[in-house]
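Residues per chain, in single letters:
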Amino acid sequence: MAKLLAGLGTSHVPSIAAALDKGLRDSDEWKPFFDGYIPAQKWVADHKPDIAVVIYNDHGNSFFLDRVPTLALGVADTYRPADEGWGPRSVPDFQGADDFSWHLADRMVEGHFDPLICRELDVDHGLQVPMELTFGRPDAWPVKVVPILVNTIQYPIPTPQRMWDLGRLLRRAIESYPTDEKVLVMGTGGLSHQLQGARAGFINPTADREWIARIGSDPERYRTMSREDYVEEFGSEGAELIMWLVMRGCMDETVTTLYDHYFAPASMTGAGMVLLENAR
Amino acid sequence: MTDADRIPDTPLFDRPRSNAGYALNKMAMGLSTADGRAAFIADEDAYLDRFALTPEQRAAVKSRDWAEMVRLGGNLFYILKISAVDPTPIREIGAAQAGMELQEFLDTRLGKVTNG
């Protein structure tokens, strides 16, 4: 059966992509941010995952408000970079793990999660940036991807508990998939930021650092917090952090935090990562 | 969400705002294609005529009044596409909504930083 290799939580801020595209990786402003990912990148490269399940939200690029899927699942064999207003970025297309995606579709619906099934889907920075932060800028991505998209834009957004439960189901789906592939689960978004309203520019590094410190060792509070509490503590767009709970819910109760990193602000966002492994 | 406006100065994108801003956001979504962007740049009024904007929304777009666009139901993820055809840094859009000059916004909200 397939194996859960590790869980990665990471920001997916679009300015990270812009910094890479402008050649600012090693600038004074950005180098400390990118360098903080190097140990986790090395660990992932050494452990060679076959599939990356990427939980993210579309940012009004592949879905408009005419149809808002609370949950969507890609089942394509290829995903192209979306045009977010500046033309599609020149990153390689993403090869889809379509067979695993369909297996997951079966397990989700049987488990009473009912996603929109997407056969054609362009993927925006929500998927691109975590892949670049994990795998750099290769000519071809070293893993196949499974996009899971969560509506975090139009209310009602799903509850933190629902995200956790989806993670539990994802774990069972991985471990009932009849290959010997290794799966990396990536929960993305956040950390604190707010783009809308007079509180725009709100960030909360104290809460962010606590999240980074506790999401592995003591996630209970975050599972039971309300959506409003997320918005208050992490900002209106910081509520994206609920998607990390899919990753955390996928893992054992006891995990080891292999690496973590925090940097604020990346553009207008508290940014960072954790790499978690089930305790041996 | 039963208490969507509990958090000050934080307009959650709920049913009233999504309804109010639908045409505005749809106009902005049209800029996610090269054809839409070319049409906007060539003749902004003619492009805006394609959408059922209210006079207030139209004026807010024309004057690039970001706070007003959000007040009228615009959601940043859509209206940000206007900044792709009329370049405006995201932090200037943030400062405008906060009602601050850019440097004051960077100092007080983001802790005096320069990361773009």
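Quick note: structure is the one above.
Residues numbered from 1 in each chain as written. Chains lettered and ligands numbered in written order. Predicted model: local features only at pLDDT ≥ 70, side-chain atom pairs only at ≥ 80, totals over all residues.

S.K.: If you had to explain unusual backbone geometry to someone new, which residues and values would you point to?
M.R.: For the bond from Gly190 of chain A to Leu191 of chain A, the omega torsion is 0°, close enough to zero to count as cis. As for its position among the elements, Leu191 of chain A is in the loop between β9 (182–188) and α7 (205–217). The omega torsion of the bond from Ala264 of chain A to Pro265 of chain A falls at -10°, within 30 degrees of zero and hence cis. Inspection of the secondary structure puts Pro265 of chain A in strand β10 (residues 255–266). At His112 of chain A, a position not held by glycine, the phi torsion is positive, near 70°. Owing to 8 C-beta atoms within 10 Å, His112 of chain A belongs among the exposed residues under this scheme. Residues other than glycine seldom take positive phi values, yet Asp9 of chain B does so here, at roughly 60°. Counting through the fold element by element, Asp9 of chain B comes out in the segment before α1 (15–20). (Helix = DSSP H or I, 4+ residues; strand = E, 2+ residues; numbered from the N terminus. Buried ≥ 20, exposed ≤ 12 C-beta atoms within 10 Å, placed from the backbone.)

S.K.: Summarise the sheet that holds β10 of chain A; cite the residues concerned and give the values.
M.R.: Residues and elements named next belong to chain A. With mixed pairing, the eight strands of this open sheet are ordered in space as β6-β3-β8-β2-β9-β1-β11-β10. Since the sheet does not close on itself, it has two edges, and those belong to β6 (116–118) and β10, each with one partner. In this sheet, adjacent strand axes meet at a mean angle of 15° when their direction is disregarded. Examined bridge by bridge, β10 and strand β11 (residues 269–278) share nine bridges and lie antiparallel to one another. Opposite Tyr259, over in β11, you have Leu275 as the bridge partner. Here α7 sits on the sheet and contacts β1 (3–10), β10 and β11; the angle it forms with β10, its principal contact strand, is near 165°. (Pairing = 2+ DSSP bridges. Axes fitted to C-alpha atoms, helices over the stretch in contact; angles between N-to-C directions. Contact = placed C-beta atoms within 7 Å.)

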